[in-house]
Amino acid sequence: SDQRAFQIPCPHCKEFIKLEFKQLKWSDNDPSTTVFICSSCDAIIEERLKHSLMLKGKWIAGMPFKGHAGFAVNELYSPWKKWAKIVEEFLEAKKNPMTLRTWVNTSMGEVFEEKGEAPEWEHLYARREEYEINSIPSKVLFLTAGCDVQKDRLEIEIKGWAKFKCSYSID
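Notes on the structure in this doc start here. Source: prediction; values computed, not measured.

Some thoughts on the sheet that holds strand 5 (residues 44-45)
An order of 3-4-5 is seen for the three strands of this open sheet, with the pairing classed as antiparallel. Only two strands of the sheet have a single partner each, and these edge strands are strand 3 (24-27) and strand 5. Bridge count between strand 3 and strand 4 (residues 30-37): three bridges; the pairing is antiparallel. Directly across from serine 27, in strand 4, lies its bridge partner aspartate 30.

What follows is the structure, given as structure tokens:
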């Protein structure tokens, strides 16, 4: 899509800006101190101006139009939700990865990116083994098959499983 974002004019510098969570600032884990800082001029935008600024706002595309218009907003634009309440809910949600994921998905309308531990790719690459495709290595204890239904076909993979979760792509 052309990734349109609703943007409002800053009352100070007049630049059109997105309401983004990273522009909210507060002190000492106290949501009642929440303010919005303009990403263009660093001025404080008072929440009491939100409605009038929304009336002057416009959709601005982030990519060229190629047949599909896309629109995204987050909860900061809501006339029913105060910015301090959004921060309060964030501070509560971030205590648990699952509630934080839900908050990011629903309040911010964004994809939650999990951070986790993963081995270095070189280590995994060094552990690879060569084996003949369409044959079953002697280490394999059992087989499973997974099927993905597509519009015009079935995609099936047969995997062989050995000790310690070691897997082989059989077919």
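Picking up after the structure, the text goes on.
Some points on the layout of surface pockets
In this structure, the largest pocket spans a volume of roughly 520 Å³. At the level of elements, strand 1 (4-9), strand 6 (58-61), strand 7 (71-72) and helix 3 (97-107) are the ones that each hand at least two residues to the lining of the largest pocket. Ranked by residues supplied to the lining of the largest pocket, first place goes to strand 1 with four residues. Its residues assigned to classes, the lining of the largest pocket shows 15 nonpolar, seven polar and five charged. In this model, the second largest pocket occupies a volume close to 260 Å³. Around the second largest pocket, the lining residues are Leu124, Arg127, Arg128, Glu129, Tyr131, Lys163, Phe164, Cys166, Ser167 and Tyr168. Looking at side-chain class alone, the lining of the second largest pocket contains five nonpolar, one polar and four charged residues.

Re the nonpolar core
Counting 23 residues, the largest nonpolar core has Phe21 and Trp103 as its most contacted members. For this core, the elements supplying multiple residues, two or more each, are strand 1, helix 2 (83-93) and helix 3. Considering every element that reaches this core, the biggest residue donor is helix 2, with six residues. Not counting chain neighbours up to four residues away, the residues in contact with tryptophan 103 comprise Phe21, Ile86, Glu89, Phe90, Ala93 and Met108.

Points about the pattern of salt bridges
Scanning the entire structure with this criterion turns up nine salt bridges. Notably, a salt bridge pairs lysine 85 with glutamate 88, separated by 3.3 Å at the nearest N-O pair. In this pair, lysine 85 and glutamate 88 both sit in helix 2, three residues apart, roughly one turn of the helix. Overall, lysine 85 belongs to the partly exposed group, its relative accessible area being 35%. The shortest N-O distance in the salt bridge between glutamate 155 and arginine 153 comes to 2.5 Å. On the basis of relative accessibility, which here comes to 39%, the residue glutamate 155 falls in the partly exposed class. The exposure class assigned to arginine 153 is partly exposed, which follows from its relative accessible area of 39%. Among the ionic contacts, a cluster of salt bridges with common partners joins Glu75, Lys81 and Glu89.

Conventions used here
Residues numbered from 1 in each chain as written. Predicted model: local features only at pLDDT ≥ 70, side-chain atom pairs only at ≥ 80, totals over all residues. Heavy atoms only, no water. Pairing = 2+ DSSP bridges. Helix = DSSP H or I, 4+ residues; strand = E, 2+ residues; numbered from the N terminus. 1 Å grid on protein atoms, 1.4 Å probe; cavity = no way out; pocket = protein on both sides within 12 Å on 5 of 7 lines; lining within 4 Å. Points joined across faces, edges and corners; volume = space filled by probe spheres on them. Nonpolar A, V, L, I, M, F, W, Y, C, P; charged D, E, K, R; others polar. Core = buried A, V, L, I, M, F, W, Y, C linked by side-chain atoms within 4.5 Å. Buried < 20%, exposed > 50% of the residue type's maximum accessible area, 1.4 Å probe, protein only. Contact = heavy atoms within 4.5 Å. Salt bridge = Lys/Arg side-chain N within 4 Å of Asp/Glu carboxyl O.

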